[in-house]
Amino acid sequence: MMADRVKWLDINCNVCGQRLNSWDARVSKALAYKTPVCEKCVAKEYDIEPSELRDRLEDFFGMRPCVGI
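Description of the structure in this document. Numbers given to residues run from 1 along each chain, matching the order in which its sequence is written. Totals for whole chains, interfaces and linings use every residue, but because this is a predicted model, local features are given only for residues with pLDDT of at least 70 and side-chain atom pairs only at 80 or more, for both listing and counting. Only heavy atoms go into the side-chain values, all of them from the structure, while hydrogens and water stay out.

## Topic: the overall build of the protein
Consideration 1: Helix numbers and strand numbers start at the N terminus; a helix is a DSSP run of H or I with at least 4 residues, a strand a run of E with at least 2. Counting its regular elements, the protein contains three helices and two strands.
Consideration 2: Helices and strands appear in the protein in the N-to-C order β-β-α-α-α.
Consideration 3: A separation threshold of at least 6 residues defines the contact pool for the protein, and within that pool the share at least 24 residues apart is 32%.
Consideration 4: Only the protein chains shown count as cover for residues, and the accessible areas themselves come from Shrake-Rupley with a 1.4 Å probe. Here the protein has roughly 5,200 Å² of accessible surface; of this, 51% comes from carbon and sulfur atoms. A contact between two residues is defined here by any heavy atoms of the two lying within 4.5 Å.

Have a look at this one:
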């Protein structure tokens, strides 16, 4: 089975304005954000590194980003 690939979306982070990808959208949805926010801004809000956020999302939700993100 081929791994999912990142898809760039035509929306921007509500905090920093960076263009969002499909992983950012999944993170925002899983954490019930009303408006999409990038992974970096979510990690910054929780005062953790993006890699630590990914570990927590995998442990709690079973979510993993596609290879290359």
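## Digging into the pattern of salt bridges
Consideration 1: For salt bridges, the criterion is a side-chain nitrogen of Lys or Arg within 4 Å of an Asp or Glu carboxyl oxygen. Counted according to the given criterion, the structure contains four salt bridges.
Consideration 2: Glutamate 58 serves as the salt-bridge partner of arginine 64, at 3.9 Å between the closest nitrogen and oxygen.
Consideration 3: Think of it in three bands: residues with accessible area under 20% of the maximum for their type are buried, residues over 50% are exposed, and the middle band is partly exposed, with areas taken using a 1.4 Å probe on protein chains only. Accessibility expressed as a relative area gives 57% for arginine 64, which makes it exposed.
Consideration 4: Accessibility expressed as a relative area gives 35% for glutamate 58, which makes it partly exposed.

## Here's the deal with unusual backbone geometry
Consideration 1: A positive phi angle is found at alanine 32, which is not glycine, with a value near 60°.
Consideration 2: Structurally, alanine 32 can be placed in the loop between α1 (22-30) and α2 (39-45).
Consideration 3: A residue is classified by how much of its surface remains accessible, and alanine 32, at 63% relative accessible area, is exposed.
Consideration 4: Not every positive phi belongs to a glycine, and aspartate 47 is a case in point at roughly 55°.
Consideration 5: We classify aspartate 47 as exposed; its relative accessible area is 71%.

## Considering helix α3 (residues 50-61)
Since the α-helix turns once every 3.6 residues, residues separated by three or four places project in the same direction.
Consideration 1: Here the expected span of a helix is defined as 1.5 Å times the quantity of residues minus one. In this model α3 runs 16 Å from its N-terminal to its C-terminal C-alpha over twelve residues, within 8% of the 16 Å that 1.5 Å per residue would give.
Consideration 2: Within α3, burial applies to Leu53, Arg54 and Leu57. In a view along the axis of α3, the buried residues occupy a sector of 100°, so they form one face of it.
Consideration 3: Where α3 is buried, its residues contact α1 and α2.
Consideration 4: Just downstream of α3, glycine 62 is the residue with a positive phi angle, here 75°. Note: the arc covers the axis-to-C-beta directions of the helix.

That is the geometry; function is a separate question.
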